[in-house]
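# Overview (structure and organization)
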Amino acid sequence: GLLDTAVGGGMLLGALVAPHLIRTIPTGKLCVTLFVGCTVVLMPLSFTQRPPVALTVLTVLGLMLPALNGAMAGYFQSLIPTHFQGRALSTMQLVQQTVPNLMPALVGIGLQSLGATPTMLATSVLFPAAALVVLTHRGLRALPTPEKWDLGGTDAHAASPTSAAPTTTVEA
């Protein structure tokens, strides 16, 4: 209850500034900065689960999530033709809801098989590894602010379900 409240409170405050951040900071720089920020903020939870630390970490995390979610989801949705929006949202929600639900099971298996220290070390490596991938992705870092997104003619493709999908060049 209290931890969820910390995240929710942070998200409510973060939602107040997210639209301004999304409009003014290039999407790539915003997403990379916030993802790395989330990684740094979450690291203390790998070493301690004391309630004051957890409340602080989750509140700060909540502050960052609205801008990160708004920027990335906005970009993804802008690329998807209107007639594919439902399918795309369903797929994204499936992934977003499945992965977090698998983690407790995987951690439980790790705790039972490997013990506490190796499991905590393994889980504390996942977010920094993902942050490294995000940091090194030139195409993501190069995304401009929303009004400058190259949507590859998405609006034209939205008119016909038989049209070819838009092409967007992203460098890895």
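Scroll up a little and you will see the structure.
On a predicted model such as this, the values are computed, not experimentally measured, just so you know. Per chain, residues are indexed from 1 in the order of the written sequence. Residues qualify for local features only when their pLDDT is at least 70, as the model is predicted, and side-chain atom pairs are given and counted only at 80 or more; totals for whole chains, interfaces and linings, by contrast, use all residues. Computation of side-chain values covers all heavy atoms of the structure but excludes hydrogens and water.

As a further point, take helix α3 (residues 51–79). A rise of 1.5 Å per residue sets the reference length of α3, with its 29 residues, at 42 Å; its end C-alpha atoms lie 41 Å apart and thus fit the reference within 8%. In the structure, α3 departs most strongly from a straight axis at Met-64, where the bend amounts to approximately 30° and where the proline Pro-66 lies between one and four residues downstream. Numbering goes from the N terminus for both helices and strands, where a helix is a DSSP run of H or I of at least four residues and a strand is a run of E of at least two. Under the convention used throughout, the expected extent of a helix is 1.5 Å for every residue step, that is, one less than its residue count. Note that bend, as reported per residue, equals the angle between axes fitted to the 7 residues terminating at that residue and the 7 residues originating from it.

It is worth spelling out the side chain of Thr-27 at this point. Here Thr-27 is to be found in helix α2 (residues 27–42). When its relative accessible area of 1% is taken as the criterion, Thr-27 is described as buried. Excluding residues that lie within four positions of it along the chain, Thr-27 makes contacts with Ala-71, Leu-143, Pro-144, Thr-145, Pro-146 and Trp-149. Each residue's exposure class comes from its accessible area (1.4 Å probe, protein chains only) as a fraction of the maximum for that residue type: buried when under 20%, exposed when over 50%, partly exposed otherwise. Contacts are assigned to residue pairs that have any heavy atoms within 4.5 Å of one another.

A word on the packing of α2 against helix α5 (residues 116–136). Contact geometry of α2 with α5 gives a least axis separation of 9 Å together with a crossing angle of 165°. Between α2 and α5, the crossing angle belongs to the class labelled roughly antiparallel. Pair α2 / α5 crosses with left-handed handedness. Each of Val-32, Phe-35, Val-36, Cys-38, Thr-39 and Leu-42 in α2 lies in contact with α5, whose residues at this interface are Phe-127, Pro-128, Ala-130, Ala-131, Val-134 and Leu-135. To obtain each axis, a line is fitted to C-alpha atoms, and for helices this fit is confined to the stretch in contact; angles are then taken between N-to-C directions over 0 to 180 degrees. Reported orientations rely on four angle classes, namely roughly parallel under 35 degrees, roughly antiparallel over 145, roughly perpendicular from 65 to 115, and oblique for the rest. By definition, turning the near helix anticlockwise from the far helix through less than a right angle yields a left-handed crossing, and turning it clockwise yields a right-handed one.

Before going further, it helps to spend a moment on α2. Its 16 residues place the ends of α2 22 Å apart at the C-alpha level, agreeing with the 22 Å of an ideal helix rising 1.5 Å per residue. When we look at burial in α2, the residues that qualify are Thr-27, Gly-28, Leu-30, Cys-31, Val-32, Leu-34, Gly-37, Cys-38, Thr-39, Val-41 and Leu-42. In this structure, the buried side of α2 is in contact with α1 (2–24), α3, α5 and α6 (138–141).

Nonpolar side chains (Val, Leu, Ile, Met, Phe, Trp, Tyr) are joined into patches within 5 Å and like charges within 9 Å, using only residues with over 30% relative accessible area and no salt bridge. Computed by Shrake-Rupley with a 1.4 Å probe, the accessible areas treat only the displayed protein chains as cover when residues are assessed. Salt bridge, as used here, is a side-chain nitrogen of Lys or Arg placed within 4 Å of a carboxyl oxygen of Asp or Glu. On the surface, a cluster of nonpolar side chains totalling about 450 Å² of accessible area is made up of Leu-13, Leu-16, Val-17, Val-60 and Leu-63. For the nonpolar patch, the elements supplying multiple residues, two or more each, are α1 and α3. The element best represented in the nonpolar patch is α1, accounting for three residues. Its place among the elements puts Leu-13 in helix α1. With relative accessibility at 53%, the residue Leu-13 sits in the exposed group.

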